[in-house]
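Chain and residue survey
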Amino acid sequence: MTRSKPLISVVVPSYNDKPIIMPFYEAIRKVLDSTDQFDYEIIYVDDGSSDGSQETLAAIAEQDPRVTYIELFRNFGQQRALFAGMSKSKGDYVVTLDGDYQYDPEAILQLVSAMGGQYDMASGIRVKRTGSFLEKWSSRLGNYIIRRILGIAIQDFGSVKAFSRTLVSKILNLRHSYSDVYPTALSLHPSLVEVLVDHKERYHGRSHWNIWMRFRIYLDLYIAYGNDEFSLPFRFGALVTVSGIGLLFFSFAYKTFLGHEATYAQLGIMSILWTLIGVFFAFWSLVMSFLVRIYKQNAWGEPYLIRRIVAKGGDVSDEGS
């Protein structure tokens, strides 16, 4: 079926956002109803909320034919929720928008307009970013780490994003292999445009990100997309081993030619310990490289499990994806 206008799919992962669901939904509708250039659909994904968000989202989906509501069995994390939402999207453009209402819905049209037909992906750059000093600092550090791992000059990794249908199809083909949408997309080296977007104070609640979540995503990125894996500790271990063996020979020569027994014993013990440290690092890096290969094949598996899908006309059962 040929559409008269391009379709925008807005995928909104939601977790304990009940107080702001309705005002955010109405704001999205107001912006997208204001343009006659695009048709749109909104896909909400509840990521295991415990505040009753499910009833609010299901009610919206039952009343608005442009809204689809996906309820996950439990909390799988924001990025897995995005995979779920993208898998049900139909748009020529897919925009991922956090459910915390820190982005004005105008960002949807900004990103899509910037993409046009030229780019596979548009990424927002948050101006006047809100949040604590620690959140801003950790985000800047994270952006630096991610740029180094992926080898892509993207200024704001965690900001709002838009994707072409072609890129979404490629991302979904990899959803059982990798854990996060954004690094999966960037690993495909899409043509990319960056757009300045406003970032607002949080209306409700607090950020769900913590140090462990950030560490986990950096570890996943390194394992999934890094090229050298554990070659650096292996090289270090090999160098230490060789230098330890060299020190052992030096201590033996020291005793043979200079006859200092005490110094020989001290150097000998030091060289043996040094060699053992090197062997440990080299052996550890080999074992970890082997485990990483297994991890890549098996660790992520099914990225999410859907409990139900609600659209106008009632529930649509879905046993998972």
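Higher on the page you've got the structure.
A short tour of the structure in this document, coming up. (Residues numbered from 1 in each chain as written. Predicted model: local features only at pLDDT ≥ 70, side-chain atom pairs only at ≥ 80, totals over all residues. Heavy atoms only, no water.)

**Examining the nonpolar core**
Counting 39 residues, the largest nonpolar core has I8, I28 and Y44 as the members making the most contacts within it. Elements that contribute at least two residues to this core include exactly β1 (7–14), α1 (18–33), β2 (39–46), α2 (53–63), β3 (67–72), β4 (93–96), α4 (106–115) and β7 (192–198). Contact partners of I28, with chain neighbours within four places excluded, come to V12, I42, Y44, L97, P105 and I108. V45, F76, A81 and V168 belong to the second largest nonpolar core, which has 28 residues in total. (Core = buried A, V, L, I, M, F, W, Y, C linked by side-chain atoms within 4.5 Å. Buried < 20%, exposed > 50% of the residue type's maximum accessible area, 1.4 Å probe, protein only. Helix = DSSP H or I, 4+ residues; strand = E, 2+ residues; numbered from the N terminus. Contact = heavy atoms within 4.5 Å.)

**A few points about the packing of aromatic side chains**
What the rule picks out here adds up to three aromatic pairs. On the numbers, 6.2 Å between centres and 90° between planes, the contact of F38 with Y93 is edge-to-face. Taken together, the residues F38 in the loop between α1 and β2 and Y93 in strand β4 connect sequence positions 55 residues apart. With a relative accessible area of 13%, F38 lands in the buried category. Positioned over the ring face of F76 is R74, at 3.9 Å from the centre of the ring. Above the ring of Y182, the side-chain terminus of K161 is found at 4.8 Å from the ring centroid. (Phe/Tyr/Trp six-rings, centres within 6.5 Å; stacked < 30°, edge-to-face > 60°. Lys NZ or Arg CZ within 6 Å of the ring centre and 35° of its normal.)

**A closer look at α2**
Taken together, the buried positions of α2 are S53, Q54, T56, L57, A58, I60 and A61. Looking at the buried side of α2, the elements it contacts are β1, α1, β2, β3 and β8 (306–311).

**Some details on a nonpolar patch on the surface**
On the surface, L248, I269, I272, L273 and L276 cluster together into a nonpolar patch covering about 480 Å² of accessible area. With four residues, the single largest contributor to the nonpolar patch is helix α10 (residues 261–298). As for its position among the elements, I269 is in helix α10. (Patch = residues over 30% accessible without salt bridge, like charges linked within 9 Å, V, L, I, M, F, W, Y side chains within 5 Å. Areas by Shrake-Rupley, 256 points an atom, 1.4 Å probe, with all protein chains shown as cover. Salt bridge = Lys/Arg side-chain N within 4 Å of Asp/Glu carboxyl O.)

**Focus on unusual backbone geometry**
Negative phi values dominate among residues other than glycine, just as trans dominates among peptide bonds. Even without a glycine there, the phi angle at N16 is positive, about 55°. Judged by its relative accessible area of 18%, N16 falls in the buried class. Phi is positive for Y101, which is not a glycine, with a value near 65°. Structurally, Y101 is set in the loop between β4 and α4.

**Brief notes about the pattern of salt bridges**
For the structure shown, the criterion picks out seven salt bridges. A salt bridge links R66 to D33, with the shortest nitrogen-to-oxygen separation between them at 3.1 Å. Taken as a pair, R66 in the loop between α2 and β3 and D33 in helix α1 lie far apart in primary sequence, 33 residues in all. R307 is the salt-bridge partner of E71, the closest N and O atoms lying 3.2 Å from each other. Here the residue E71 occupies a position in strand β3, and R307 occupies one in strand β8, the gap between them amounting to 236 residues. Under the relative-accessibility criterion, E71 is labelled buried at 8%. Residues joined by salt bridges that share partners form a network here, namely R29, D33, D64 and R66.

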